[in-house]
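These are the residues of each chain, in order.
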Amino acid sequence: MKDARLVPSLIVSVLVAVSGFSSTAAAQAADSISSIDGDSGFASDSQFRYFNREQCGLDAAGGSAGTGGVGGDAGAGGAGGMGGEGGAGGDVTAAVSKADPSEVSFEIRLDQTTSVSEVYLWIGKAGAKCEVLEERNETAQLCAELAGNPRPVGNNFTISGLFLQDLLDAQAGGTPIATCESSGLTGTEYQIFAFRDAPAGLVDPSRFGIAPFYIDVQAPESPAVNTNPQRQSTFEVSWSTPDPPDLIGLWELWSSDGDDPDSATSLNINSTAPNASSLGVSATQLGLSDGESAYLYVRAYDDAYVSNRLDGNLGELSDGVMVTAVNVAAYCDISGDCNGCSVSPLSIAGGSQSSAAWMLALLFATACVWRLRR
């Protein structure tokens, strides 16, 4: 009987403990970077926050059309270049200029409803528990305080006046926590801890929030396209997924008059499907007359952007695909392979006329006249 009375009390105790744990866990704030370089157009709170190669101040890794020529004779640098100075190389959208991390701003929006006037910002490696004193220790090299603490909190719980360089400068034991020197293909993850008070000892989850972000300085690999020449009035360039794979935000079609990627320009034909494997274009869109040729290329942009997919790290152009405009009807007449279309007997496969063809035509016409006169 005594044991039976203990059961309800044990259940109550467990429920109280669980509810207490749940309330503490639920109190953990989920802060987020709300804008990068003045762009606040994130699709949702779940969109990854990236600083990319350009914002890190590195030269664009955009390939032939992205970085321009190597100098030399005037014009060798491509459509936008001076040649002797290296050239802009191809379309201006490919010539990505590097930025200065000390001028790449960002803002953090705190996840809370109660008023707070200032916070203390720390940066940690992915998975670091900077709320723990031992991990904030310099020798652990897991967390580091940002300069300028405490940071004032403005309207809408927003912390402004922050720059990428602030994150890169923070060091623990003489070693930077975040770096633009390298990253994985899909970026390296870091965390910003916004402590509501100066951290001391073990910080309660209700007194800080975490804003994750990534630094991605590696451009996607160029797509492996099917380079078989095409002769028709519409063309389709197909490719296999880059290997190793990246998180692709955009596939884009480029073209050049000759087999020269340095002079390639964007056709503004693209797909935002991550698993896309082809893009199409017509001879008319390319401005090709019958018999004229061009070369098509594909390039990929990764997910390291805020709202404009063209702001992501851009990969190199693929190999070129030669395409030649051929009027379908004219080709049918010339080749004789029309799959049911009417064919003139006055032409043969090579396009030259023969006496036999003329004879057949004459006999055909004579028969028609004879039948009509009957």
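Just so we're clear, the structure is a prediction, and the values are computed from it rather than from any experiment.

## Structural notes on the sheet that holds strand β15 (residues 248-256)
Hydrogen bonds between backbone groups are what pair the strands of a sheet, and the pairing can be parallel or antiparallel.
Inference 1: Ordered by their spatial adjacency, five strands build an open sheet running β13-β19-β18-β15-β16, and the pairing between neighbours is mixed. The open sheet is flanked by β13 (230-232) and β16 (265-271), the only strands paired with a single partner. The average undirected angle you get between the axes of adjacent strands in this sheet is 30°.
Inference 2: The pairing of β13 with strand β19 (residues 321-325) spans three bridges and is classified as parallel. What sits directly across from Q232, in β19, is A325.

## Remarks on the sheet that holds strand β17 (residues 278-282)
Inference 1: With antiparallel pairing, three strands are arranged side by side in an open sheet as β12-β14-β17. Looking at which strands have only one partner, the edges of the open sheet turn out to be β12 (224-225) and β17.
Inference 2: Note: strand β14 (residues 234-240) against β17, five bridges, orientation antiparallel. If you follow F235 over to β17, its bridge partner there is V281.

## Let's talk about the pairing of β14
A regular strand places its side chains so that they alternate between the two faces of the sheet.
Inference 1: Of the two faces of β14, the one lined by F235, V237 and W239 is fully buried and the one lined by T234, E236, S238 and S240 carries no buried residue.
Inference 2: Relative to β14, β12 runs antiparallel, the two being bridged by two bridges. Each residue of the ladder has a partner; that of V225, found in β14, is W239.

## What about the pattern of salt bridges?
Inference 1: For the structure shown, the criterion picks out four salt bridges.
Inference 2: For D45, the salt bridge goes to R109, with nearest N and O atoms at 3.4 Å. Taken as a pair, D45 in the loop between β1 (32-36) and β2 (50-52) and R109 in strand β3 (residues 105-109) lie far apart in primary sequence, 64 residues in all.
Inference 3: On the basis of relative accessible area, D45 is assigned to the exposed category, the value being 60%.
Inference 4: Here R207 makes a salt bridge to D197, at a shortest N to O gap of 2.8 Å. Within this pair, whereas R207 is found in the loop between β10 (188-195) and β11 (208-216), its partner D197 is found in the loop between β10 and β11, the two being separated by 10 residues in sequence.
Inference 5: For R207, a relative accessible area of 35% translates into the label partly exposed.
Inference 6: The exposure class of D197 is partly exposed, given its relative accessible area of 39%.

## Here we look at the packing of aromatic side chains
Inference 1: The tally for this structure, following the rule as stated, stands at 10 aromatic pairs.
Inference 2: Here F193 and F195 contribute two aromatic rings whose centre-to-centre distance is 6.0 Å and whose plane-to-plane angle is 20°, an arrangement assigned as stacked. By the burial criterion, F193 is buried, and F195 matches it.
Inference 3: An angle of 50° between the planes, with centres 5.6 Å apart, marks the rings of F195 and F208 as tilted. Of this pair, F195 sits in strand β10 while F208 sits in strand β11, and the two are 13 residues apart along the sequence.
Inference 4: For F195, a relative accessible area of 0% corresponds to the buried category.
Inference 5: Ring-pair connections join several aromatic residues into one group, and the members of that group are F51, F106, Y190 and F213.
Inference 6: Here R299 stacks its cationic end above the ring of W254, 4.6 Å away from the centre of that ring.

## Looking at unusual backbone geometry
Inference 1: Residue P150 is bonded to the preceding N149 through a cis peptide linkage, with omega at -5°.
Inference 2: Following the sequence through the fold, P150 ends up in the loop between β5 (143-145) and β6 (151-152).
Inference 3: Despite not being glycine, N156 has its phi angle at roughly 60°, a positive value.
Inference 4: Inspection of the secondary structure assignment puts N156 in the loop between β6 and β7 (158-163).
Inference 5: The exposed category is assigned to N156, whose relative accessible area is 63%.
Inference 6: With a phi angle near 55°, F157 is a residue other than glycine that sits in the positive phi range.
Inference 7: Structurally, F157 can be placed in the loop between β6 and β7.
Inference 8: Residue F157 is classed as partly exposed on the basis of its relative accessible area, which comes to 25%.

## A look at the nonpolar core
Inference 1: With 34 residues, the main nonpolar core has F51 and I215 as its most contacted residues.
Inference 2: Contributions of two or more residues to this core are made by β1, β3, β4 (118-125), β7, α4 (164-169), β10 and β11.
Inference 3: If we skip the residues at most four places from it in the chain, F51 touches I33, I36, V104, F106, L164, L167, F213, Y214, I215 and D216.
Inference 4: With 21 residues, the next largest nonpolar core counts V225, I269, L279 and L296 among its residues.

The rules behind each value
Residues numbered from 1 in each chain as written. Predicted model: local features only at pLDDT ≥ 70, side-chain atom pairs only at ≥ 80, totals over all residues. Heavy atoms only, no water. Pairing = 2+ DSSP bridges. Helix = DSSP H or I, 4+ residues; strand = E, 2+ residues; numbered from the N terminus. Axes fitted to C-alpha atoms, helices over the stretch in contact; angles between N-to-C directions. Buried < 20%, exposed > 50% of the residue type's maximum accessible area, 1.4 Å probe, protein only. Salt bridge = Lys/Arg side-chain N within 4 Å of Asp/Glu carboxyl O. Phe/Tyr/Trp six-rings, centres within 6.5 Å; stacked < 30°, edge-to-face > 60°. Lys NZ or Arg CZ within 6 Å of the ring centre and 35° of its normal. Core = buried A, V, L, I, M, F, W, Y, C linked by side-chain atoms within 4.5 Å. Contact = heavy atoms within 4.5 Å.

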